[in-house]
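Overview (structure and organization)
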Amino acid sequence: MAKLFGNDNTRQLSQAEVLAGRYKTARHNLLLIVVFTLINIFLLVTNSNSYFLFSASIPYYLVDLGMFLCGKYPAEYYADIGGIDPLSNTFFLVTLVIAAVILVLYLLSWIFAKKPRVGWMIFALVFFVIDTLGMLWWAGISSDMIFDVVFHGWVIVSLSRGIAAYFKFKKLPVEELPVEEVRQAGPEIEE
């Protein structure tokens, strides 16, 4: 676009900057997962009929199950089921706590991946793969789930690329590492 308007002041990013950018993007996706999952759980608990795609499924499904089994939904949700005795609110609180613990683990991954500690990024990837498998097991694959599947796949690819970028960055020769430019472009990857 810059060439279209005669402004050709763009410069090529170095390989180090590209790799640092990939790592930073993967890390930011972790924060987005936490934020959108929190929003989705809030919308669920307030009986809103909205849902954001870019979120973890297992915490959401846990809270949904707690709400259903504790009779938190309107009466028409239970019309076809018949005489179901709702569980106590303690069960609902337990599902909320488990969902919160899962989100805290994602948040810790985001926080500690900054230094960077790639182990936390790997943990988040494994955790999100488990979340994806849980989503597929719970909801199956259907036409109304296709966007969830695509977004989960995109997050998995993003986290995988971030991890791969970290290891490629570490293998770059020292003379190719423009330290100041890399610090501005991406995470604080140690030289």
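1. Remarks on the overall build of the protein
- Scanning the protein for helices and strands turns up 6 helices and 0 strands.
- Traced from its N-terminal end to its C-terminal end, the protein shows the element sequence α-α-α-α-α-α.
- For the protein, the exposed area adds up to about 11,200 Å²; of that, 66% sits on carbon and sulfur atoms.

2. Considering a nonpolar patch on the surface
- Residues Ile-122, Val-126, Ile-130 and Phe-167 make up a contiguous nonpolar surface patch of roughly 330 Å² in combined accessible area.
- No other element matches helix 4 (residues 118–139), which puts 3 residues into the nonpolar patch.
- In this structure, Phe-167 sits in helix 5 (residues 146–171).
- Judged by relative accessible area, which is 39%, Phe-167 ranks as partly exposed.

3. Details of a positive patch on the surface
- On the surface, Lys-24, Lys-114, Lys-115 and Arg-117 cluster together into a positively charged patch.
- With respect to the helices, strands and loops of the structure, Lys-114 is situated in the loop between helix 3 (89–112) and helix 4.
- The partly exposed category is assigned to Lys-114, whose relative accessible area is 39%.

4. Focus on the environment of Asn-29
- Among the structural elements, Asn-29 can be located in helix 1 (residues 15–45).
- Overall, the relative accessible area of 5% leaves Asn-29 in the buried class.
- In this structure, Asn-29 is in contact with Phe-54, Trp-154 and Ser-158, ignoring residues within four places of it in sequence.

5. A look at helix 3
- Helix length check: helix 3, at 24 residues, gives a terminal C-alpha distance of 34 Å against a target of 34 Å (1.5 Å per residue), a fit within 8%.
- Residues of helix 3 that are buried: Phe-92, Thr-95, Ala-99, Ile-102, Leu-103, Tyr-106 and Ser-109.
- Residues of helix 3 that are buried sit in contact with helix 1, helix 2 (57–69) and helix 4.

6. Some remarks on unusual backbone geometry
- Phi is positive for Asn-47, close to 60°, though the residue is something other than glycine.
- Owing to a relative accessible area of 39%, Asn-47 belongs among the partly exposed residues under this scheme.

7. Some points on the confidence of the model for the protein
- Looking at the protein, the pLDDT average stands at 83 and 83% of residues meet or exceed 70.
- Per-element confidence in the protein ranges from a low mean pLDDT of 47 for helix 6 (residues 179–185) to a high of 95 for helix 3.
- Of the regions scoring below 50 in pLDDT, residues 181–186 engages in 14 contacts with residues more than four places distant in sequence or in other chains.

8. Observations concerning the packing of aromatic side chains
- Enumeration according to the criterion identifies 16 aromatic pairs in this entry.
- For the ring pair Phe-36 and Phe-52, a centre distance of 5.3 Å and an interplane angle of 40° mean the geometry is tilted. Placement of the pair is Phe-36 in helix 1 and Phe-52 in the loop between helix 1 and helix 2, with a sequence separation of 16 residues.
- Every member of this aromatic cluster is reached through a ring pair, and the members are Tyr-106, Phe-112, Trp-120, Phe-123, Phe-127 and Phe-128.

9. Examining helix 5
- If you check helix 5, its first and last C-alpha atoms are 37 Å apart, about what 26 residues at 1.5 Å a residue would give, namely 38 Å.
- Residues of helix 5 that are buried: Asp-148, His-152, Val-155, Ser-158, Leu-159, Gly-162, Ile-163, Ala-165, Tyr-166 and Phe-169.

10. Side note on the nonpolar core
- Tyr-106, Met-121 and Leu-159 are the most contacted members of the largest nonpolar core, which has 19 residues in total.
- Breaking this core down by element, the ones donating at least two residues are helix 1, helix 3, helix 4 and helix 5.
- Core analysis: the next-biggest nonpolar cluster, separate from the first, contains 14 residues, Leu-44, Met-67, Tyr-73 and Met-135 among them.

11. Examining the environment of Ala-20
- With respect to the helices and strands, the residue Ala-20 is situated in helix 1.
- Between the alpha carbons of Ala-20 and Phe-169 there is a distance of 7.4 Å; along the sequence they are 149 residues apart.

Thresholds, definitions, all that
- Residues numbered from 1 in each chain as written.
- Predicted model: local features only at pLDDT ≥ 70, side-chain atom pairs only at ≥ 80, totals over all residues.
- Heavy atoms only, no water.
- Helix = DSSP H or I, 4+ residues; strand = E, 2+ residues; numbered from the N terminus.
- Areas by Shrake-Rupley, 256 points an atom, 1.4 Å probe, with all protein chains shown as cover.
- Patch = residues over 30% accessible without salt bridge, like charges linked within 9 Å, V, L, I, M, F, W, Y side chains within 5 Å.
- Salt bridge = Lys/Arg side-chain N within 4 Å of Asp/Glu carboxyl O.
- Buried < 20%, exposed > 50% of the residue type's maximum accessible area, 1.4 Å probe, protein only.
- Lys, Arg positive; Asp, Glu negative; His and termini not counted.
- Charge placed at Lys NZ, Arg CZ, Asp CG, Glu CD.
- Contact = heavy atoms within 4.5 Å.
- Expected span 1.5 Å × (residues − 1).
- pLDDT = per-residue confidence, 0-100.
- Phe/Tyr/Trp six-rings, centres within 6.5 Å; stacked < 30°, edge-to-face > 60°.
- Core = buried A, V, L, I, M, F, W, Y, C linked by side-chain atoms within 4.5 Å.

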